[in-house]
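Observations on the three-dimensional arrangement
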Amino acid sequence: MSTSKTAETAPPITTVAVVGLGYIGLPTAAILATNGLDVIGVDVNPRTVAAINNGDVPFVEPDLGVHVAGAVSQGRLRAQLETPAAEAYIVAVPTPFQADKSADMSYIAAAARAIAPQLRGGELVILESTSPPGSTRRLAELILGLRPDLSLDGADGKPVLLVAHCPERVLPGRIMIELVTNDRVVGGLTTEAAEAAAALYGVFCQGEIHLTDAATAEMSKLVENAYRDVNIAFANELSVISDNLDIDVWELIRLANHHPRVNILQPGPGVGGHCIAVDPWFIVAADPENSSLIRTAREVNDSKPGYVVDQVRKAASDIDRPVIACLGLAFKANIDDVRESPALEIVRRVAELHPEAEILVAAPHKDHLPKVLAGIPNVRHVETDKAVEAADVVVLLVDHDKFREIDPASLEGKRVIDTRGFWR
Ligand code: SAJ
């Protein structure tokens with residue numbers, strides 16, 4: 001089924017339930033709705049449901065607010081706690097990793113249990129959550145276990161359930177653009193399911209829609225993020241080597257990237273987010289013996305926050321009661337998402353290691369400290385200028401555009417640890 005096709009015809013599907021209204025589910029629900037479909041968003045969080053029905057977005061993502069407000073006011077999008085009957089279901093619930101690095105499939109299982117009683121036969125169920133290979137089949141088996149009157153292929157004359165995987169590939173911060181412009185990979189448990197899913201995404205996706213089987217689609221998503229993780233690990237390893245050799249790593253990478261076949265990514269304080277810091281582990285869990293490069297890249301990136309914490313320790317070592325300004329908490333620039341954020345981990349570890357120090361956190365996209373920091377007595381959330389002004393040591397953790405407003409003169413005389421090459 002490794003064909004490539006662009007869905008051209010309008011799909012017959014008019015009612016879609018999107019299960020899970022987070023960073024992927026809500027934008028997908030909104031874009032389907034603004035393209036004329038009737039969309040019911042489902043979420044377990046009553047505050048999320050209430051916010052969306054009010055036309056509000058419970059997190060920061062450029063342009064999403066306009067789409068949600070427009071779709072809700074046109075009556076095309078509404079949110080609720082219960083899973084309704086619909087012609088198609090898009091499951092976009094979290095698949096976090098557990099202590100042993102395997103995927104927690106409990107949210108997908110809960111979605112399957114809620115969808116099963118609503119089915120009449122003929123519906124399309126799409127798993128969009130990033131999942132280990134085999135998950136789409138397991139989702140189908142779960143539903144069919146509860147609904148033995150349905151089948152994947154019409155066997156014994158039973159009504160068909162179409163099941164496909166369509167991983168999201170959008171970049172936080174550019175979600176509303178990339179939802180439309182990115183190519184998509186759609187993997188069906190059957191060809192018919194893949195084609196039906198491609199038609200549904202064709203409603204808003206202007207990129208190419210590539211059809212394959214479900215397991216290959218699952219793996220392609222994991223591989224894309226593992227590829228990026230390995231490349232960032234290479235840059236992070238180079239940054240430590242360069243520090244030891246007294247070389248400017250950003251200059252080094254800039255020059256190396258002039259080679260026509262070299263494209264090294266940027267070092268930073270570590271790799272965060274719910275995708276790149278997580279998904280490679282699903283590959284490692286699927287084949288631990290043959291994934292040493294992917295595992296090592298994860299370990300290299302996971303060790304970078306510790307390296308930065310040590311840089312802060314050295315910078316503050318001869319100051320009695322140091323004031324340390326930590327700029328940024330998000331896992332990357334211009335968003336408020338702190339999931340798996342190396343910046344957050346660094347602030348927590350610095351605060352715990354230096355109980356005598358005052359840690360001033362500037363997080364321009366947040367109006368309060370996240371729970372993990374709120375209980376630490378020597379950590380305070382302050383305005384960026386105030387943090388910089390009071391600091392002995394300034395640690396730039398996130399390259400938010402808002403930090404461009406910092407007057408370079410205000411850094412004079414301070415010890416600066418610039419983990420992103422922001423002030424080069
Ligand atoms: N980072 C670096 N150096 C770089 C690039 C990124 O240190 O050169 C860090 C970031 O600061 C951040 C982390 O890596 O902490 C991840 O950021 P990112 O911008 O690379 O990726 P995400 O997690 O925001 O989104 C990724 C994207 N995947 C790829 O680019 C292959 C996106 O397309 C996926 O849809 C998304 O994961 C996802 O949902 O899986």
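In this text, all values refer to a predicted model and were calculated from it rather than measured experimentally.

Once that is clear, we can look at the site of the ligand. Around the ligand, the surrounding shell holds 21 residues, and the nearest of these are Glu168, Arg169, Lys221, Arg228 and Phe331. For the ligand, an oxygen atom lies 2.4 Å from a polar atom in the side chain of Lys221. Note that an oxygen atom of the ligand is positioned 2.6 Å from one of the backbone N or O atoms of Phe331. Its free accessible area being 760 Å², the ligand has 89% of it covered by the protein chains. Put simply, the ligand lies in the second largest pocket. Split by residue class, the shell around the ligand holds 9 nonpolar, 4 polar and 8 charged. Looking at which domains feed residues into the shell around the ligand, each of domain 1 (15-207) and domain 2 (225-418) supplies at least three.

Scanning the entire structure with this criterion turns up 2 cavities of 30 Å³ or more. Considering only enclosed or pocket space, the largest cavity measures out at about 40 Å³ in volume. Looking at the largest cavity, the residues that line it are Gly328, Leu329, Ala330, Ile335, Asp336, Val338, Ala363, Pro364, His365, Lys366 and His400. Here the lining of the largest cavity is built from residues that sort into 6 nonpolar, 3 polar and 2 charged. Its boundaries defined by the atoms lining it, the second largest cavity holds a volume of some 40 Å³. A breakdown of the residues in the lining of the second largest cavity according to their chemical character gives 3 nonpolar, 1 polar and 5 charged.

Domain boundaries assigned for the chain yield domain 1 (15-207) and domain 2 (225-418). One C-alpha centre belongs to domain 1, the other to domain 2, and the line joining them spans 33 Å. Looking at the side of domain 1 facing domain 2, the largest losses of area belong to Tyr23, Val60 and Phe97, adding up to 40% of the total buried there. Linking domain 1 with domain 2 are 0 salt bridges. Applying the counting criterion to the domain 1 and domain 2 interface returns 1 residue pair in polar contact (both at pLDDT 80 or more). In terms of residue class, the side of domain 1 that touches domain 2 is made up of 10 nonpolar, 5 polar and 1 charged.

Another aspect to go through is the layout of surface pockets. In this structure, the largest pocket spans a volume of roughly 1,400 Å³. Taken together, 42 residues make up the lining of the largest pocket; nearest its centre are Leu21, Gly22, Tyr23, Pro94 and Arg339. Only helix H2 (46-53) and helix H4 (106-115) provide two or more residues apiece to the lining of the largest pocket. Tallied by class, the residues present in the lining of the largest pocket amount to 22 nonpolar, 10 polar and 10 charged. Counting contributing residues, the lining of the largest pocket receives three or more from each of domain 1 (15-207) and domain 2 (225-418). In this model, the second largest pocket occupies a volume close to 880 Å³. Leu171, Arg228, Ile232, Ile276 and Lys332 are the residues nearest the centre of the second largest pocket, which is lined by 34 residues in total.

So, on to the nonpolar core. Counting 48 residues, the largest nonpolar core has Val16, Leu77, Leu124 and Leu200 as the members making the most contacts within it. With 7 residues, the single largest contributor to this core is helix H7 (residues 191-201). Apart from the residues lying within four places of it in its own chain, the contact partners of Leu124 are Ile13, Glu87, Ala88, Tyr89, Leu162, Ala193, Ala196, Ala197 and Leu200. Ranked by size, the runner-up nonpolar core spans 28 residues in total, among them Val308, Ala315, Ile376 and Val379.

Conventions used here
Residues numbered from 1 in each chain as written. Predicted model: local features only at pLDDT ≥ 70, side-chain atom pairs only at ≥ 80, totals over all residues. Heavy atoms only, no water. Near = heavy atom within 4 Å. Polar contact = N/O pair within 3.5 Å; in protein donor to acceptor, adjacent residues only side chain to side chain. Areas by Shrake-Rupley, 256 points an atom, 1.4 Å probe, with all protein chains shown as cover. 1 Å grid on protein atoms, 1.4 Å probe; cavity = no way out; pocket = protein on both sides within 12 Å on 5 of 7 lines; lining within 4 Å. Sits in = over half its atoms within 2 Å of the grid points. Nonpolar A, V, L, I, M, F, W, Y, C, P; charged D, E, K, R; others polar. Domains from an automatic or database assignment. Points joined across faces, edges and corners; volume = space filled by probe spheres on them. Buried area = accessible area lost by both parts, 1.4 Å probe. Salt bridge = Lys/Arg side-chain N within 4 Å of Asp/Glu carboxyl O. Helix = DSSP H or I, 4+ residues; strand = E, 2+ residues; numbered from the N terminus. Core = buried A, V, L, I, M, F, W, Y, C linked by side-chain atoms within 4.5 Å. Buried < 20%, exposed > 50% of the residue type's maximum accessible area, 1.4 Å probe, protein only. Contact = heavy atoms within 4.5 Å.

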